[in-house]
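The lines below spell out each chain.
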Amino acid sequence: MTAVQAALLVMVALPAAAGAVLTLTRTHRVAAPIAVATAGLTTALAFASALARPAVSYPFVAGADFALQVDALAALTVPMIAAVTLLVLVFAARSIRQSRSRFHGLMLIFSAAALTTATAASLPALLFAWEVMGATSYALIGFWWRDSARVSAGLTAFLTTRTADLGLYVAAGAALAGGAGMGLADLPAAADPWRHVATAGIVVAALGKAAQLPFSFWLSAAMKGPSPVSALLHSAAMVAMGAYLLLRVEPLLASTGWAGPATAWIGVLTAVLMGVVALGQRELKQLLAASTIAQLGFVVLAAGVGTVSGGATHLVAHAFVKALLFLTAGAWLSALGTEKIAELRGAARPWPIVGVTATVAALALAGIAPLSLWATKDAVLTAALESSGWLYAAGLAAAALSAAYAGKILWVVWRRGPRTKVRANDAGRISAVEQAPLVVLGVGAAVLGVLALPPLSGVLADALGGHAAISVAGLTVSAGIAALVLLLMLRLRAPEPRWALRWLGLEAAAHAVVVRPCLALARALARFDDHVLDRAVMALAAAVPVLARAAAGADDDGLDRGVEAVAGRVRRLGQVARVPQTGAVHQYFLQTVAVFTAGGVIWSVYAVMG
Amino acid sequence: MLLSVVIFLPVVAAGMLLAFPALSNRAASWLWVIVAAIDLALIVGMWAGFASNSAAAPSGIVDGIAYEVKIRWIPTVDASYHVGVDGLSLPLIAVTAVLFLAAAIWSLREQKRPRSYAALFLFLQTASIGTFAALDLILFFVFFDLSIVGMYFVIAGWGHGNRRRSALKFFIYTFVGSLALLVGFIGLFLGSENRTFDMVALAANPPLIDSPLAAGLVLLAICIGLAVKTPLFPFHTWLPDAHTDAPAAGSAILAGVLLKLGTYGFVRIAMPMLPDAWQRWAMIIVIAGVVSVLWGAFTALAQTDVKRMIAYTSVNHMGYILLGLGAAGLVAQADEQARAIAVTGAMVQMVSHALLTGSLFLLTGVLFSRGGTYAFDRWGGLARPAPIFAAALGVAAFGSLGLPGLSAFIAEFQIFTGSLQAAPVATVIAVTGIVITAGLFLVALQRLLSGKTQVPNPAEEPANRATNGRHAGVVSPAEPTETGQQPARRDRNVTTAVDDDTVSQATFKDLHGRELVATVPLLVLSIMIGLFPRPLLDVIEPAAAALSSLAGR
């Protein structure tokens, strides 16, 4: 094993091991420093492996190695995950005050799983990390486990994503059956129809994790977790990994013919509908959650139309933007005690650094030039235009919606006037340790757009596959739309229709269509089990004594009586036989004569007839 | 010779316990632990020897059997004392010894007639290991039935609730099943060319090749016998009652070891000895497996009693094994490699289920010893007074629902990937089972661990309930709040609210001492298999490949 391979292994094993130790022990004092140090080291290793591009693999189960590889796509994504983890953990070092050890431990395990997901080169490795990521997200969303509703939110998240994960199990089976092996890069070579099965399975799993339609509702529930959790899981890592997987298997999608357009349309529809949902939210974190799904819709669109480089840059830039916004939401939430957007009036003013960085992120989210998402989003839209005008138009609508919901937050937090009181106690302070990561993330949110602009866009397109060309007209159009919509939001009130506020009723639908029928079926089957199956067995068993009694009866009344009857007859015969035995000799002579006479008669009759 | 020592050491120790009544109860309990530990150490030694040899030797079942002993026993029917281990039996023998050691440690403080208890478990250990090691049908049958007898006395003598009835139900049901098995064995004997009960000879030269009808009937008898023991739908109804009323250590052995006698019978007897019939009826086996998967999962979801719930998940987990084994018989549909992977997965599932369900049953024993009930609605918020218990239960539950990093994932992943090619529709249906088990375990964790701390008073619990905890309807988790409608409770408020809420917590003592030593190693083993499966797979895979090619003849 070479040094760079060791670096890759340590990069995923170190946070996993440190996280496991922290989770299982109670070291509240040193938990945060240990976690930050681990994340720092991991980040350094992540950058090192991004440069060195190592690959390792060890035998796992038959016919499938546990393979990790840092290719060009992972080289772009892995440092992002590690860096955002580090920044979020620095922020959380102060903001999480309860069960620090468990919190930091779980965050580290999660980041290890996310890094493994990003570097996975074979289906077993992917599925392994993918499911561990889901389980830690359950534990993190339900971090405040005394509140049952939060645990339920974690449960919703885990069950929804696991339902989609079934696709990966099926895909693994299809890969084996298709004969191409379990390597992600080998899947396009699998035999039909297994190649299509594998594709469908992977697409379903990815859409579930990325909270795309129709799975989106779990992310809304997931907002019950702590804000730093949302900043990592629901911006940079877990949800993003869903879209990332589609980028990773883009050659497979392209090879099938149907998967590309299908994912493209699901992505763009999600971007539009979730944009509307985001616009209709009244709470900051809910708005951010919906907007995350919408922004990842662009990445899914990118995978569908085949621009891996465009999708990857959008993914990375969005991670910085959204992590920053979630952390800000958490800071305001603890300082002001509210996350209702209406009550955040003027929230940007008391803490200028927080306010300014959040503004940068919101402007980037809106797509204002020259900030990051403006360029990256347009890289995706340019590629979409090449495959279909309708896709482009829908994408533009989604872009306009992002400007609208970004404006909805932005204007409120800077508006003057009566505002919610800052909490008097310690909670009302936002410390320097908390503000520093915001600044770093803010810089990223501002400048990462260069990845999607020449000359870097060309380099990335060569390395990842995608479209290097940037259309100046497209960039101008989207910048203009963004600026216009953002300004309009100063005047307009965002529509908040009920169906948007309730996330299109997706969760209610899932309950009505899946959850309740399943529970009803479970009850019915359990009742059948107790009242029919078990009863039948017991009845069968109860029939045995009945049969036994019948047999005993037959024994007593039939057989035994028969035997006794025979015995009675015999006794009677004996009595009859005793009658001639009188003891008188003359009677015996008489009997002898009678017998001889009868014998003689019979003999003569026989002789005559004979 | 070593293998015979491993088999009979426990029963000899049991005899000593009964022969020397002067031995104190405490000494008896410790003697049990020591004997179980020695047995395990011997098996570890056997494993080391086997693993170092297996690279060169053939793979097992018909040749390459290690530690083989064959002594004439009933020569008129060619039955002999024939034992040995290969890649199929060794992992199960090892996990059996591990579970019996855990049970011994768990029962160190047993108050009720500890000497007889220890003797009974030692007797059971001999019967179980003997069944796995047996290479003769009559020997197999004798050990198989002795295990039923032993478990009957464990439940009837040391159980709770409606123990006599449950024990009787268990005994009669599984005993009747074993009679079907015996009929099957006699059929194999009569159908064999040389009139033998020797399992190696029967597998090498399968009987009834030319008479598909007779072979089908013999397979039917054997399958019914094993299905009762495994148990598979619809022969499973003895299981929840037996588990609910058995003592914790008894439940762990029942689920961890005795159920495996059934599944092991499929791989050791049914598949290699009746390959033709197995292939012909493989689809039925697959369907039986899938029905058990779903039936077990759904009925478990509806239970209101922790122990019954876990008992039903056993039906679900055993269903996966049958799915994999059935798929291995679908020779026309799948290639050799996929079928071998399915069999490997089924074998790993046996080991994994033993570890995880064994630990789950021991952990529910903690509930009963503290509160005298398994009912979900009597417990709550246990993570607060008992964080170690909560962590152990969490790990075991996530393991059981198939989370990667624990052994069940290695098993189920291989079963699914190996079976998909052979039986695509059935496999896809079966895969949904892992979502239902995920749901039911998470709901169970939530009910027991989160929310307000609630500990029942054992004195108030009806210790001898007339009826078992039949389901009374699903208690769904707290309905998720309408998303986006209500503000989540404010972050900092919650922490203070929790600090204010001082519920009595002194009454629930956390996992400690012998409880910890008995359960944690099971979970650690499961995690080791989950992270580094190769040492186990290196033993199983050659035998699984040999089995799938024997079944594919």
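**Re the overall build of chain A**
Next up, step 1: Each helix and strand in chain A was counted, giving 23 helices and two strands.
Next up, step 2: The C-alpha atoms of chain A give 40 Å as radius of gyration, which overshoots the globular expectation for 610 residues (25 Å, by more than 25%).
Next up, step 3: Projecting the C-alpha coordinates of chain A onto the three principal axes gives extents of approximately 150 × 60 × 50 Å.
Next up, step 4: When each of the 610 residues of chain A is scored for burial, the buried share is 58%.
Next up, step 5: By sequence separation, contacts in chain A at least 24 residues apart represent 81% of the contacts at least 6 residues apart.
Next up, step 6: Total accessible area on chain A is roughly 23,000 Å²; 70% of this is exposed by carbon and sulfur atoms.
Next up, step 7: Counting 42 positive and 26 negative side-chain charges, chain A places the averaged centre of each group 14 Å from the other.

**Here's the deal with the side chain of Thr-38 of chain A**
Residues and elements named next belong to chain A.
Next up, step 1: As for its position among the elements, Thr-38 is in helix H2 (residues 28-52).
Next up, step 2: According to the relative accessible area criterion, Thr-38 is buried, its value standing at 8%.
Next up, step 3: When sequence neighbours within four positions are dropped, the list of residues in contact with Thr-38 reads Leu-14, Pro-15, Ala-18 and Leu-108.

**A word on the pairing of strand E1 (residues 55-61) of chain A**
Residues and elements named next belong to chain A.
Next up, step 1: By the bridge criterion, six bridges tie E1 to strand E2 (residues 64-69) in an arrangement that is antiparallel. Note that in E2 the partner of Pro-59 across the bridge is Asp-65.
Next up, step 2: With antiparallel pairing between neighbouring strands as the criterion, E1 and E2 make up a hairpin whose turn holds two residues, including Gly-63 at a positive phi of roughly 75°.

**A look at the interface of chain A and chain B**
Next up, step 1: Taken together, the contact pairs 76 residues of chain A with 84 residues of chain B.
Next up, step 2: When the buried surface of chain A facing chain B is broken down by residue, Arg-146, Arg-162 and Tyr-169 of chain A rank first, second and third, together holding 9% of it.
Next up, step 3: Across the pair Asp-534 of chain A and Lys-169 of chain B runs a salt bridge, and its minimum N-O distance is 2.6 Å.
Next up, step 4: Put simply, chain A and chain B have 13 residue pairs in polar contact (both at pLDDT 80 or more) between them.
Next up, step 5: Of all the secondary-structure elements, those providing two or more residues to the side of chain A that touches chain B are E1, helix H5 (123-141), helix H6 (148-178), helix H8 (217-222), helix H14 (308-336), helix H21 (498-501) and helix H22 (506-578) of chain A.
Next up, step 6: By residue class, the composition of the side of chain A that touches chain B is 41 nonpolar, 15 polar and 20 charged.

**Some details on the pairing of strand E1 (residues 66-74) of chain B**
Residue and element names in this part refer to chain B.
Next up, step 1: With six bridges connecting them, E1 and strand E2 (residues 79-85) associate as antiparallel partners. Residue pairing for E2: Ile-71 is matched across the bridge by Tyr-81.
Next up, step 2: Adjacent in sequence and paired antiparallel, E1 and E2 are bridged by four residues, among which Asp-78 carries a positive phi angle near 50°.

**With respect to the packing of aromatic side chains**
Next up, step 1: Under the defined criterion, the tally for this structure stands at 35 aromatic pairs over all chains.
Next up, step 2: Residues Tyr-169 of chain A and Phe-409 of chain B carry aromatic rings whose centres are separated by 6.2 Å and whose planes lie at 70° to one another, so their mutual orientation is edge-to-face. Pair noted here: Tyr-169 of chain A is in helix H6 and Phe-409 of chain B is in helix H16 (residues 407-420), and the two residues belong to different chains. For the residue pair Tyr-169 of chain A and Phe-409 of chain B, the accessibility class agrees, reading buried in each case.
Next up, step 3: Taking 4.4 Å as the distance between ring centres and 40° as the angle between the ring planes, the aromatic pair formed by Phe-233 of chain B and Trp-295 of chain B counts as tilted. One end of the pair, Phe-233 of chain B, is in the loop between helix H8 (212-229) and helix H9 (238-245); the other, Trp-295 of chain B, is in helix H12 (residues 282-301), with 62 residues separating them in the sequence.
Next up, step 4: Looking at Trp-295 of chain B, the relative accessible area reads 10%, which means it is buried.
Next up, step 5: One aromatic cluster in this structure is built from Tyr-58, Phe-60, Phe-66, Phe-128 and Tyr-169 of chain A together with Tyr-320, Phe-409, Phe-413 and Phe-416 of chain B.

**Some thoughts on helix H9 (residues 227-236) of chain A**
Next up, step 1: For H9 of chain A, the buried fraction is high: 10 of the 10 residues fall into the buried class.
Next up, step 2: Listing the buried residues of H9 of chain A in full gives Ser-227, Pro-228, Val-229, Ser-230, Ala-231, Leu-232, Leu-233, His-234, Ser-235 and Ala-236 of chain A.

**What to know about a negative patch on the surface**
Residues and elements named next belong to chain A.
Next up, step 1: A grouping of Asp-555, Asp-556, Asp-560 and Glu-564 is seen on the molecular surface, where their side chains present a negatively charged patch.
Next up, step 2: Secondary-structure assignment places Asp-560 in helix H22.
Next up, step 3: We classify Asp-560 as partly exposed; its relative accessible area is 35%.

**Considerations on the packing of H14 of chain A against helix H15 (residues 352-366) of chain A**
All names here are of chain A.
Next up, step 1: In contact at an axis separation of 9 Å, H14 and H15 are set at 140° when each is read in the N-to-C sense. Put simply, H14 runs oblique to H15. Classified by chirality, the crossing of H15 by H14 is left-handed. Listed contacts from H15 to Val-321, Lys-322, Leu-324, Leu-325, Thr-328 and Trp-332 of H14 are Val-354, Thr-357, Ala-358, Ala-361, Ala-362, Ala-364 and Leu-365.

Rules of the game
- Residues numbered from 1 in each chain as written.
- Chains lettered and ligands numbered in written order.
- Predicted model: local features only at pLDDT ≥ 70, side-chain atom pairs only at ≥ 80, totals over all residues.
- Heavy atoms only, no water.
- Helix = DSSP H or I, 4+ residues; strand = E, 2+ residues; numbered from the N terminus.
- Rg over C-alpha atoms; globule rule 2.2 N^0.38 Å.
- Buried < 20%, exposed > 50% of the residue type's maximum accessible area, 1.4 Å probe, protein only.
- Contact = heavy atoms within 4.5 Å.
- Areas by Shrake-Rupley, 256 points an atom, 1.4 Å probe, with all protein chains shown as cover.
- Lys, Arg positive; Asp, Glu negative; His and termini not counted.
- Charge placed at Lys NZ, Arg CZ, Asp CG, Glu CD.
- Pairing = 2+ DSSP bridges.
- Buried area = accessible area lost by both parts, 1.4 Å probe.
- Salt bridge = Lys/Arg side-chain N within 4 Å of Asp/Glu carboxyl O.
- Polar contact = N/O pair within 3.5 Å; in protein donor to acceptor, adjacent residues only side chain to side chain.
- Nonpolar A, V, L, I, M, F, W, Y, C, P; charged D, E, K, R; others polar.
- Phe/Tyr/Trp six-rings, centres within 6.5 Å; stacked < 30°, edge-to-face > 60°.
- Patch = residues over 30% accessible without salt bridge, like charges linked within 9 Å, V, L, I, M, F, W, Y side chains within 5 Å.
- Axes fitted to C-alpha atoms, helices over the stretch in contact; angles between N-to-C directions.
- Parallel < 35°, antiparallel > 145°, perpendicular 65-115°, else oblique.
- Left-handed = near helix turned anticlockwise from the far one by under 90°.

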